[in-house]
Amino acid sequence: MKYAYLGTSGLAVSKLCLGTMTFGGTTSEKDSMAMIHRFLDLGGNFIDTADVYTGGQSEEIVGNSIRDRRSEVILASKVRMSTAGHVNGQGASRKHIMDGIEASLRRLGTDYIDLYQIHVWDQATPVEETLRALDDLVTSGKVRYIGCSNYLSWQLMKSLAVSEMRGCARYVSLQQQYSLLNREADREMMSLCLEENVGIIPWAPLGGGFLTNRYSRGPKPDQGRLSAANGGESSWEYRATEKNFDILEQVVKISEEVNRTPSQVALNWLMGHEGITSPIFGASTLEQFDENIGAADFELDGEQRRHLDEVSCLPDEYPGRFIRKFKRQI
Ligand SMILES: NC(=O)c1ccc[n+]([C@@H]2O[C@H](COP(=O)([O-])OP(=O)(O)OC[C@H]3O[C@@H](n4cnc5c(N)ncnc54)[C@H](OP(=O)(O)O)[C@@H]3O)[C@@H](O)[C@H]2O)c1
């Protein structure tokens, strides 16, 4: 397993992060615990959960699994989604953050979270309020580093500027959807994160399973995540486009060349992509885990990466192409 520093921090995280969104749901508690131990035994140290995953069960299972190995784990969780049936049981307000950390620490059975992330931008709360509350958690030792997720680039840039102006803790990471199927971050977010050294930890690196080559062109399948997700990012309607099937064909072709599986090729491309720290991969079963973790022990060559870059890139658009055209040269 390889490691990288997370953003501007001195925190070394494994180049693959284990996502636990299905733990206690489609992944049984027994398999979830076995998966965490297998991941740690193979050198993985970075585990991502959230207060809302499987109604809190994911945090409980993660907490129980790592109890005897707490110091070797970089534990990431999130706050911001709705967790209580009252008007303040959601958001990135000081109140919900302070309530949220206590509930997460209780479920996780620990007295600190390594990386505490705002799950999605909150339009209602001033940035200063969110960052001051997070900074207080860092000062108190309940949280060690802070990150955000699902932000627009101006929202991240404003947050970084406010942290600097107010002398508050700064986001070290951004958890954003990014994969061969979704390169929206290339418009602005990627260059911002490179410029400001914010580590990108992409979610849905396999497009919810699409890039494993288990789905084919045609009607909506009746099995697997993409059969169920309606309106979510991994819904059949979003994933099953002509462009995405063309990308999948290229992934399958390269997987045959290198004698690896499509999932390993898709993850390896992402792990080696500039600006990406650690893809957060999901696995519903131990078999899927064993396949996906195999992405960490080989490297695609430059030519293979170029083919994947080309088939998946965004169309060239204004103002990016205009700015590039007038790049100064002396
Ligand atoms: N910040 C956010 O808003 C956000 C949003 C989503 C996720 N996340 C984080 O990112 C993590 C990963 O997200 P994700 O689950 O969408 O990622 P993903 O890795 O793109 O998809 C994982 C799913 O793909 C299928 N799959 C994986 N490996 C497979 C294999 N080898 N063969 C066949 N099918 C395979 C499984 O679905 P089946 O059940 O169909 O088998 C599995 O649950 C989550 O656990 C969570 O920690 C964060």
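Details of the structure are given in the entry above.
It should be emphasised that the depicted structure is a prediction, and the values quoted were computed from it without experimental measurement. (Residues numbered from 1 in each chain as written. Predicted model: local features only at pLDDT ≥ 70, side-chain atom pairs only at ≥ 80, totals over all residues.)

1. Points about the overall build of the protein chain
Part 1 of the argument: A tally of helices and strands in the protein chain yields 13 helices and 10 strands.
Part 2 of the argument: Here the C-alpha radius of gyration of the protein chain, 20 Å, is about what a compact globule of 330 residues would show, namely 20 Å.
Part 3 of the argument: Each of the three principal axes of the protein chain carries a C-alpha extent, and together these read 60 × 50 × 35 Å.
Part 4 of the argument: The buried share among the 330 residues of the protein chain stands at 44%.
Part 5 of the argument: Taking the intrachain contacts of the protein chain between residues at least 6 apart in sequence as the baseline, contacts between residues at least 24 apart amount to 77%. (Helix = DSSP H or I, 4+ residues; strand = E, 2+ residues; numbered from the N terminus. Rg over C-alpha atoms; globule rule 2.2 N^0.38 Å. Buried ≥ 20, exposed ≤ 12 C-beta atoms within 10 Å, placed from the backbone. Contact = placed C-beta atoms within 7 Å.)

2. Notes on the site of the ligand
Part 1 of the argument: The environment of the ligand is made up of 31 residues, and the closest members are Gly 19, Met 21, Leu 206, Gly 209 and Gly 282.
Part 2 of the argument: When contributions to the shell around the ligand are tallied by element, the ones reaching two or more residues are β10 (280-281) and α11 (286-293).
Part 3 of the argument: Here the shell around the ligand takes 3 residues from α11, the largest share from any one element.
Part 4 of the argument: In terms of residue class, the shell around the ligand is built from 8 nonpolar, 19 polar and 4 charged. (Near = placed C-beta within 6 Å. Nonpolar A, V, L, I, M, F, W, Y, C, P; charged D, E, K, R; others polar.)

3. Looking at the sheet that holds strand β4 (residues 46-48)
The strands making up a sheet associate through hydrogen bonds between their backbones, and the pairing can be parallel or antiparallel.
Part 1 of the argument: Ordered by their spatial adjacency, 8 strands build an open sheet running β9-β8-β7-β6-β5-β4-β3-β10, and the pairing between neighbours is parallel. The open sheet has two edge strands with one neighbour each: β9 (199-200) and β10.
Part 2 of the argument: As paired strands, strand β6 (residues 113-118) and strand β7 (residues 143-149) are joined by 5 bridges and run parallel to one another. Counterpart to Ile 113 in the pairing with β7 is Val 143. (Pairing = 2+ DSSP bridges.)

4. Looking at unusual backbone geometry
Part 1 of the argument: For the bond from Tyr 318 to Pro 319, the omega torsion is 5°, close enough to zero to count as cis.
Part 2 of the argument: Its place among the elements puts Pro 319 in the loop between α12 (302-312) and α13 (320-325).
Part 3 of the argument: At Thr 54, a position not held by glycine, the phi torsion is positive, near 40°.
Part 4 of the argument: Classification of Thr 54 by C-beta neighbours within 10 Å gives buried; the count is 21.

5. Notes on the pairing of β6
Part 1 of the argument: Of all 6 residues making up β6, 6 are buried, and the element is well covered by its neighbours.
Part 2 of the argument: Relative to β6, strand β5 (residues 74-79) is paired through 4 bridges, and the arrangement is parallel. The residue of β6 that forms the bridge with Val 79 is Ile 118.

6. With respect to the pairing of β7
Part 1 of the argument: Most of β7 is tucked away, with 6 of its 7 residues classed as buried.
Part 2 of the argument: Each parallel crossover has a hand, and for β6 linked through helix α4 (residues 127-140) to β7 it is right-handed.
Part 3 of the argument: Summarising the sheet, β7 and strand β8 (residues 171-175) pair through 4 bridges and their orientation is parallel. Bridge assignment links Ile 146 to a residue of β8, and that residue is Tyr 171. (Right-handed = clockwise from strand over helix to strand, strands pointing away.)

7. A short note on the environment of Leu 206
Part 1 of the argument: Within the secondary structure, Leu 206 sits in the loop between β9 and α7 (225-228).
Part 2 of the argument: Each C-alpha atom of the pair Leu 206 and Gln 264 lies 9.4 Å from the other, and the pair is 58 residues apart in sequence.
Part 3 of the argument: With sequence-adjacent residues up to four places away left out, Leu 206 is seen in contact with Ser 179, Leu 211, Thr 212, Ser 263, Ala 266 and Phe 281.

8. Some details on helix α1 (residues 29-41)
Residue pairs spaced three or four apart in an α-helix point in one direction, given the helix's 3.6 residues per turn.
Part 1 of the argument: Over its 13 residues, α1 runs 18 Å from end to end, which matches the ideal 18 Å to within 8%, given 1.5 Å per residue.
Part 2 of the argument: Taken together, the buried positions of α1 are occupied by Ser 32, Met 35, Ile 36 and Phe 39. Summarising the axial view, the buried residues of α1 lie within an arc of 100°, below the 170-degree limit, and thus occupy one face. Projecting away from the buried face of α1 at angles above 90 degrees are the exposed residues Lys 30, His 37 and Asp 41.
Part 3 of the argument: Looking at the buried side of α1, the elements it contacts are β3 (17-19), β4, α2 (57-66) and α11.
Part 4 of the argument: Positioned one or two residues after α1, Gly 43 has a phi angle of 100°, which is positive. (Expected span 1.5 Å × (residues − 1). Arc of directions from axis to C-beta.)

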